[in-house]
Amino acid sequence: MFPLADRVRLVSESITLAVTAKAAAMKKAGIDVVGFGAGEPDFDTPGFIKDAAKAALDKGQTKYTPTPCYPELRAAIAQKFNRDNGLAYKPEQITTGAGGKHCLYMAFMAILNPGDEVVLPSPYWVSYPEQIKLAGGVVRVVRGEESNGFKITPKQLAEAITPRSKIFVINSPSNPGGHAYNPAELKALAEVVAAHPNLLVFSDEIYEKLIYNGLEFASFAGLHPDLFERTLTFNCHSKSFAMTGWRVGYIGGPQVAIDAINKLQSQMTSHITSFTQIPAALALTDPRGAESIAAMRDQFEWRAQHMWQRLSTLPKITVVHPQGAFYCFPNISAYFGTSAGAIRITDAVSFSAALLEQAHVAVVPGNDCGFDTHVRLSFATSLGQIDKGIDRIAGFLKKLG
Ligand SMILES: Cc1ncc(COP(=O)(O)O)c(C=O)c1O
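Residues numbered from 1 in each chain as written. Predicted model: local features only at pLDDT ≥ 70, side-chain atom pairs only at ≥ 80, totals over all residues. Heavy atoms only, no water.

In this section: the packing of aromatic side chains. As enumerated under the stated definition, the model contains 17 aromatic pairs in all. Look at F150 and F329: their rings are 5.5 Å apart centre to centre, the planes differ by 65 degrees, and that puts the pair in the edge-to-face class. Taken together, the residues span a long stretch of sequence, with F150 in the loop between β4 (138–143) and α7 (154–160) and F329 in the loop between β9 (327–328) and β10 (339–340) at a distance of 179 residues. F329 shares its class with F150; the two are buried. A network of ring pairs unites the aromatic residues F43, Y207, F300, F326 and Y327 as a single cluster. We note R143 situated over the ring of F371; from NZ or CZ to the ring centre the distance is 3.9 Å. (Phe/Tyr/Trp six-rings, centres within 6.5 Å; stacked < 30°, edge-to-face > 60°. Helix = DSSP H or I, 4+ residues; strand = E, 2+ residues; numbered from the N terminus. Buried < 20%, exposed > 50% of the residue type's maximum accessible area, 1.4 Å probe, protein only. Lys NZ or Arg CZ within 6 Å of the ring centre and 35° of its normal.)

Here it is, written out as structure tokens:
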């Protein structure tokens, strides 16, 4: 056997990837699969940002940059945090990473010691537990109940905190639940955290701009005077500017944490790609950035409503009204114990496999997110595809026996 490191075994194989790979193979074979798996906007990066990248290449921005990024980007991110979130980070309190995912990973690596606990609400984004384990941490899941729109309560949070708890992770708006906390609900959680002076917060705000139904966004670090010094705020260009492939993420936080992350990054990737940096700064400061976000957000809100309404009419399915991000997360457990041809449906994985095989619709089982009773459908696709896919799901459910 090839002598791999033990840490590789710590990381779970992604169930999601298996379904995605099967859907891709079916498409390649010419089968018309409706894909609800996408975790990225179906829009293209706005033209002015792409033009800025071409100009950056022409200007020779092709060499090493400082580890945190060029000063222009640091300043633009600090300006964004001040302007949009009321967070007074100084430019030196900002660093960047190769997407939100890399930012989170570096931060867990910089802060967790073996055995430190991380309080993680479920349903959660698939990578949190794996990153926490890689950094030596122990995941303590707090279940956000469907009956409470997947949101955890202050009481649940208080009960989950132990003397070993080092970080509380909050992701609002959320992947995969599509839920978002209102400012008062977040403030109530912030009060609980504030009462535990050793507890840090990772606030993953990457879906900040994709929030619906008139709900107001609030940054966790600004909710209590004690929390600014104890919170790391994560954001990225991936979802709001349709820039998933560019790999631009950023963190604002206490100086000592940012310095530690920079120290790690300097020995790993050095910095993010040079010619993405000035375009990323422009996206945050040019009014066209906010305009493109607003146009995409409006489309997503429309689709959210449409997908949710259509899913709500399906028999025996319950579905929380999405408040943000681009996901519906319906409960399909009423169909457990039924069969679809040779496949016996016992959880979200077998449901998704049967749906793909027999109705040619790809969804993401919630197992990797701590919910084996739910599947995730992304509405980052056209209304036509949404209708076609849900028609197929309706036909599939009728045949289950
Ligand atoms: C909640 C959440 N955090 C972080 C990320 C990572 O974003 P990025 O693509 O910028 O690495 C994702 C991506 O799907 C996400 O859903």
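Moving on, there is more to tell.
Turning our attention to the sheet that holds β4. Read from one edge of the open sheet, 7 strands run β2-β8-β7-β6-β5-β3-β4, paired in mixed fashion. Edge positions in the sheet fall to β2 (94–97) and β4, since each has one partner strand and no second. With strand direction ignored, the average angle separating the axes of adjacent strands in the sheet is 25 degrees. Here strand β3 (residues 117–122) runs beside strand β5 (residues 165–171); their pairing, made up of 3 bridges, is parallel. Considered in β5, the bridge of V119 is made with F168. (Pairing = 2+ DSSP bridges. Axes fitted to C-alpha atoms, helices over the stretch in contact; angles between N-to-C directions.)

What follows deals with the state of the cysteines. In the structure shown here, the tally under the stated rule is 0 disulfides. Of the cysteine sulfurs around C69, a residue in no disulfide, the closest is that of C103, at 10 Å. Free of any disulfide, C328 has its nearest neighbouring cysteine sulfur in C369, separated by 14 Å. (Disulfide = S-S within 2.5 Å.)

Here we have 3 strands laid out as an open sheet, ordered β9-β14-β13, and antiparallel in their pairing. Where the open sheet ends on each side, the last strands, each with one partner, are β9 and β13 (364–365). Here β9 runs beside strand β14 (residues 375–378); their pairing, made up of 2 bridges, is antiparallel. Residue pairing across strands places Y327 opposite S378, the latter belonging to β14.

Cis geometry is adopted by the peptide bond preceding P123, which originates at S122 and carries an omega value of -5 degrees. Although it is not a glycine, S270 adopts a positive phi angle of roughly 70 degrees. Along the chain, S270 falls in the loop between α9 (255–266) and α10 (277–285). With a phi close to 60 degrees, H360 is a non-glycine residue in the positive phi region. By the element assignment, H360 lies in the loop between α12 (348–359) and β12 (361–362). Given the relative accessible area of 26%, H360 is considered partly exposed.

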